[in-house]
Amino acid sequence: MPDWIAIVLLGLIEGITEFLPVSSTGHLLVAERWLPHQTDLFNIVIQSGAVLAVLPLFRGRLDQFIFRWRERATQDYAAKLILAVAITAGPGYLLEKRGFKLPEQLWPVAWALLIGGVAFLAVELWLRGKPLKDEVTWTIAIAVGLGQLLAAVFPGASRSGTTILLCLLLGLARPAATEFCFLVGIPTMLAAGGLKIFKAVHHPAVGAPPEQWGMVLLGFIVSAIVSFIAVKWLLRYVQTHTFVIFGWYRIALGAALLILVGTVKL
């Protein structure tokens, strides 16, 4: 397979799965079993592309922070975002300093996908007929920060999936939950990505081959374009739909992976 085709496929996978509650890390680990393995720098850059691309989709909220920052509601929402990011950033930085690496085996990814899928179905069933609120509380902000940490150490859990589930359990409406979780994830992932890019560029691994920057740029562009489309679709989708479809998708993929690795015999 030509290198550029593999890069486009990885960009597509990253762009589609980065914000959807299905785990981009899990999907990339699966994809790299059949596609040429890429460097950590490549994976970080295409993730950053997916994150940066969605910023225009939150223009209304960004305008609020810039032009209406004196309003009490704006300051309250921003403070809750900052709290959630801070909860994630501190322990996340310590994990990075200690050299924490995600396991690359498929079985934990499969179980995380499967359990998360069942959780989505169970939560949506429990929420049926219950009124949901649009206000992000301090409890929700703390839960989102902790949820991001949980997802960071369990490949396949999904940052957006874990945090959205927690928001739903705490009674937050789906559109509000999706927006808040994404807004918390953007600075968190950009900060983590920026640190890793700095380290990879200034302290390259000994004996590592030179980075193919043309391929990195191609993956960045593909990931950014696809991410923008995927998130724009999801933000509209959750206005009138539940997350049940993602629950069934996670269950199907998790079960298929368990069968593939021989963990479950069916």
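So, a few notes on the structure that sits alongside this text. Throughout, a residue's number is its position along its own chain's written sequence, starting from 1. Reporting of local features is limited, given that this is a predicted model, to residues whose pLDDT is at least 70; pairs of side-chain atoms are given and counted only at 80 or more, and all residues count toward the totals for whole chains, interfaces and linings. To obtain the side-chain values, all non-hydrogen atoms of the structure were included, while hydrogens and water were left out.

### Regarding the overall build of the protein chain
Strands here mean DSSP runs of E at least two residues long; helices mean DSSP runs of H or I at least four residues long; both are numbered from the N terminus. The number of helices and strands found in the protein chain is eleven helices and zero strands. In the protein chain, the succession of helices and strands from N to C terminus is α-α-α-α-α-α-α-α-α-α-α. Based on C-alpha atoms, the radius of gyration is set beside the globule rule, defined as 2.2 Å times the residue count to the power 0.38. Relative to a compact globule of 266 residues, whose C-alpha radius of gyration would be 18 Å, the protein chain shows 18 Å and is just as compact. Seen through its principal axes, the protein chain has C-alpha atoms that stretch 55 × 50 × 35 Å. Only protein chains enter the accessibility calculation, which uses a 1.4 Å probe; a residue is then buried when its area is under 20% of its type maximum, exposed when over 50%, and partly exposed in between. Considering the protein chain as a whole, with its 266 residues, one finds that 46% of them fall into the buried category. Note on definitions: a residue-residue contact is assigned when non-hydrogen atoms from the two residues lie within 4.5 Å. Within the protein chain, residue pairs in contact and separated by at least 24 positions form 84% of the contacts whose partners lie at least 6 positions apart. Taken as a whole, the protein chain presents about 13700 Å² of accessible surface, with 69% of it coming from carbon and sulfur. Residues scored as positive are Lys and Arg, those scored as negative are Asp and Glu, and His as well as the terminal groups of each chain are ignored. For charged residues, the charge sits on one atom: NZ in Lys, CZ in Arg, CG in Asp, CD in Glu. If you average the places of the 21 positive and of the 15 negative side-chain charges in the protein chain, the two averages end up 6 Å apart. Only the protein chains shown count as cover for residues, and all accessible areas are computed by the Shrake-Rupley method using a 1.4 Å probe.

### A closer look at the pattern of salt bridges
A pair is scored as a salt bridge if a Lys or Arg side-chain nitrogen falls within 4 Å of a carboxyl oxygen belonging to Asp or Glu. Inspection of every chain in the model, using the stated rule, returns five salt bridges. Across the pair Glu179 and Arg61 runs a salt bridge, and its minimum N-O distance is 2.9 Å. Here the residue Glu179 occupies a position in helix H9 (residues 174-202), and Arg61 occupies one in helix H4 (residues 59-67), the gap between them amounting to 118 residues. Given a relative accessible area of 18%, Arg61 falls into the buried group. Between Glu71 and Arg68 there is a salt bridge, and its shortest N-O distance comes to 3.3 Å. For Glu71, a relative accessible area of 36% translates into the label partly exposed.

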